[in-house]
Amino acid sequence: MIIQQSGSKLPKAFLIGSDSIAIRAMRALAEHKIEIPKQVSIIGFNDITSAQYVTPSLSTVHVSRNAMARAAFDLLLNEQFQKRNMVPRKLTIGTSLIIRDSSI
């Protein structure tokens, strides 16, 4: 595990791809007596409901599920309406950073 390999040279922060994995990482850091956010800041991604209730509360990146669903529906509707073959598309959806107690 990164905690044991890094010893006292842990990164100052981790941006973790999902809140549920970030919460498990916070638990592992606590088991090794590493203080969040004093020693390491943690930021998750997805803004799940439980992120605000863990201790310390998890900073996270919020992505609007409604915006994602609306964009997917619009793409699907346009493809069906125009009777075109669906091809991969790149779509950008805005995010917002929610700062809570797990980061400084």
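Residues numbered from 1 in each chain as written. Predicted model: local features only at pLDDT ≥ 70, side-chain atom pairs only at ≥ 80, totals over all residues. Heavy atoms only, no water.

### As for the overall build of the chain
- Within the chain one finds 3 helices and 4 strands.
- Starting at the N terminus and walking to the C terminus, you meet the elements of the chain as α-β-α-β-β-α-β.
- Counting only C-alpha atoms and orienting by the principal axes, one finds that the chain spans roughly 60 × 25 × 20 Å.
- Summarising the internal contacts of the chain: among those between residues at least 6 apart in sequence, 67% fall at separations of at least 24.
- Approximately 7,400 Å² of the chain is accessible, and the part contributed by carbon and sulfur atoms is 57%.
- Positive and negative charge centroids in the chain, built from 13 and 7 side chains respectively, lie 5 Å apart. (Helix = DSSP H or I, 4+ residues; strand = E, 2+ residues; numbered from the N terminus. Contact = heavy atoms within 4.5 Å. Areas by Shrake-Rupley, 256 points an atom, 1.4 Å probe, with all protein chains shown as cover. Lys, Arg positive; Asp, Glu negative; His and termini not counted. Charge placed at Lys NZ, Arg CZ, Asp CG, Glu CD.)

### Quick word on the environment of Met68
- In this structure, Met68 sits in helix H3 (residues 65–81).
- Residues Met68 and Leu91 lie 23 residues apart in sequence; the distance between their C-alpha atoms is 9.3 Å.
- Apart from the residues within four sequence positions on either side, Met68 is in contact with Val63 and Ile93.

### Section: the sheet that holds strand E2 (residues 41–45)
- Taken in spatial order, the 4 strands make up an open sheet running E1-E2-E3-E4, and their pairing is mixed. Bordering the open sheet on either side are strand E1 (13–15) and strand E4 (95–98), each of which pairs with just one other strand. Direction aside, neighbouring strands of the sheet carry axes that sit 15 degrees apart on average.
- The pairing of strand E3 (residues 59–63) with E4 spans 4 bridges and is antiparallel. The residue of E4 that forms the bridge with Val61 is Leu97.
- Docked against the sheet, helix H2 (residues 19–31) engages E2 and E3, running at close to 155 degrees with respect to E2. (Pairing = 2+ DSSP bridges. Axes fitted to C-alpha atoms, helices over the stretch in contact; angles between N-to-C directions.)

So far we have only geometry, and geometry alone does not tell us how the molecule works.
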